[in-house]
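Understanding the architecture of this molecule
Here is what each chain is made of, one letter per residue.
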Amino acid sequence: MTHVTTYADDKITTDVRNAWHTRALTPSFAARVDGVDLRSVTPEQGGDLRHLLARHKVLFFSGQQLDPDSQVALGRALGDVTPSHPVVAGADEQHPQIYALDGQDGGRSDVWHTDVTFMQRPPLGSILRAVQLPSLGGSTSWVDLELAYASLSPGLRALADKLEAEHDGSREFAEHLAKRRGGEGNEWDGEKVRSLRPVSHPVVRVHPETGRRSLFVNPGFTTRVLGVSDAESRGLLDIFFAHLTKPEHMVRHAWQAGDVAMWDNRSTAHYADFDYGDFQRIMHRITLRGDIPRGPGAPDRG
Ligand SMILES: O=C(O)CCC(=O)C(=O)O
Ligand SMILES: [Fe+2]
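We now turn to the structure provided with this report. (Residues numbered from 1 in each chain as written. Chains lettered and ligands numbered in written order. Predicted model: local features only at pLDDT ≥ 70, side-chain atom pairs only at ≥ 80, totals over all residues. Heavy atoms only, no water.)

Remarks on the environment of Gly138
This is how the line gets drawn: Helix and strand definitions follow DSSP, with helices as H or I runs of at least four residues and strands as E runs of at least two, each counted in order from the N terminus. The cut-offs for exposure are 20% and 50% of the maximum accessible area for each residue type, with area from a 1.4 Å probe on protein chains only; residues under the lower value are buried, those over the upper are exposed, and the others partly exposed. Whether two residues touch is decided by their heavy atoms; if any such pair falls within 4.5 Å, the residues are in contact.
As for its placement among the helices and strands, Gly138 is situated in the loop between strand E7 (125-132) and strand E8 (140-144). The exposure class assigned to Gly138 is buried, which follows from its relative accessible area of 1%. For Gly138 and Asp273, which are 135 residues apart along the polypeptide, the C-alpha to C-alpha distance reads 5.1 Å. If we skip the residues at most four places from it in the chain, Gly138 touches Trp255, Asp273, Asp275, Tyr276 and Arg281.

Right under this line is the structure:
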């Protein structure tokens, strides 16, 4: 983008047209963006945010005043907003797109995961707003799955490039689905979700916008490496999971009122600390429709 001025060390960039300031938070990913009012993002600015998202993978904004309507409007400026979740109902009838996570009501995410990889078409990104925070605790961490891929040894990278893995949402969400009327979830990718059948994705995903490769498995939903024995699958997943969650692949965010986080769900995984006991913690998430993950060998990648 020609309107972006990059400073020598590339840690701070200023988007002159939008008067946004972006400060990188780690050497590889995550940035804080100042100067944006997320209530009034135009479609053109939504495109600019999408560029920032693909580049930095996680974006943090503070002092925001979003409400449910403006959170959904923000999502629409960036892309197509999905229903709240394949099987969990929306926050209320007016906001079927909002996934409300209440830590005291099962809305915890204290396992490393990438959102909704148990569907054929996981979301491209998520936008999360702090609604009610505990006075202490409740941080969220993200890992950079592109860095995790790049920091594997070359031999393991070459093996991973050729593998496919099964992703299954039933451990986390079968109960939710059973509780819904008639066992019907929401619509996802234009179809009613009536069951959570496992899907397969490449272990290495090629980012459709940047062409970069990421280690696209996660402990929350990836259950098996396909085409190898059970013992080999277990061993490979143990190696991949321990590797991708290394502290040097990670950024951690301690939430303040008014904070919003956006992440690229094609190149990151995340984990929400459950360390706040009986305190209330409520977050509102929306997700943007994504593409079907492609591996390095796929003919139609790009
Ligand atoms: O509660 C959080 O901080 C993150 C929850 C989560 O996994 C999500 O919003 O996708
Ligand atoms: Fe999540």
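Having seen the model, we can carry on.
Describing the sheet that holds strand E15 (residues 222-225)
Here is the rule we go by: Being paired, for any two strands, means DSSP has found at least two bridges between them. Between N-to-C directions, angles span 0 to 180 degrees; the directions come from axes that are lines fitted to C-alpha atoms, helices contributing only their stretch in contact.
Sheet architecture is open: three strands sit in the order E12-E9-E15, paired in antiparallel fashion. Edge strands, defined here as strands with exactly one partner in the open sheet, are strand E12 (199-202) and E15. Taking each pair of neighbouring strands and ignoring which way they run, the sheet shows an average axis angle of 35°. Both strand E9 (residues 164-167) and E12 contribute to a ladder of four bridges, which runs antiparallel. Within E12, the position partnered with Glu164 by the bridge is Pro202.

Here's the deal with the sheet that holds strand E16 (residues 250-253)
The strand order across the open sheet formed by three strands is E16-E8-E18, and the pairing between neighbours is antiparallel. Unpaired on one side and paired on the other, E16 and strand E18 (268-272) mark the two borders of the sheet. In this sheet, adjacent strand axes meet at a mean angle of 20° when their direction is disregarded. When E8 meets E16, the two strands line up antiparallel, connected through four bridges. Considered in E16, the bridge of Thr140 is made with His253.

Things to note about the coordination of the iron ion (ligand 2)
Our working rule: For Na, K and Ca the donor cutoff is 3.2 Å, while for all other metals N, O and S atoms must lie within 2.8 Å; water is not among the atoms, so some sites may look incomplete.
Coordination of the iron ion (ligand 2) by the protein is provided by His113 (NE2), Asp115 (OD) and His270 (NE2), with metal-donor distances spanning 2.1 Å. Sequence positions of the residues that donate to the iron ion (ligand 2) give the spacing H-x1-D-x154-H. Pair noted here: His113 is in the loop between strand E6 (99-102) and E7 and His270 is in strand E18, with a separation of 157 residues, a long-range link. Among the residues examined, His113 registers a relative accessible area of 7% and is labelled buried. The exposure class of His270 is buried, given its relative accessible area of 5%.

A word on the site of ligand 1
Condition: A single heavy atom is enough: if one lies within 4 Å of a molecule or strand, its residue is considered near that molecule or strand. Here a polar contact is taken to be a pair of N or O atoms separated by no more than 3.5 Å, where protein atoms must pair a possible hydrogen donor with a possible acceptor and residues adjacent in sequence count only if both atoms sit in side chains. Residue-level accessible areas treat just the shown protein chains as cover; the underlying method is Shrake-Rupley with a 1.4 Å probe. Three classes are used: nonpolar for Ala, Val, Leu, Ile, Met, Phe, Trp, Tyr, Cys and Pro, charged for Asp, Glu, Lys and Arg, and polar for all others, with Gly counted as polar.
Around ligand 1 sit Leu101, Ser109, His113, Asp115, Leu128, Thr140, Trp263, His270, Ala272, Arg281, Met283 and Arg285, and those are all the residues in its vicinity. At a separation of 3.0 Å, an oxygen atom of ligand 1 approaches a polar side-chain atom of Ser109. His113 places a side-chain nitrogen or oxygen 3.0 Å from an oxygen atom of ligand 1. About the coverage of ligand 1: the protein hides 99% of its 300 Å² of free accessible area. If you list the elements that add at least two residues to the shell around ligand 1, you get E18 and strand E19 (282-288). Counted by class, the shell around ligand 1 contains five nonpolar, four polar and three charged residues.

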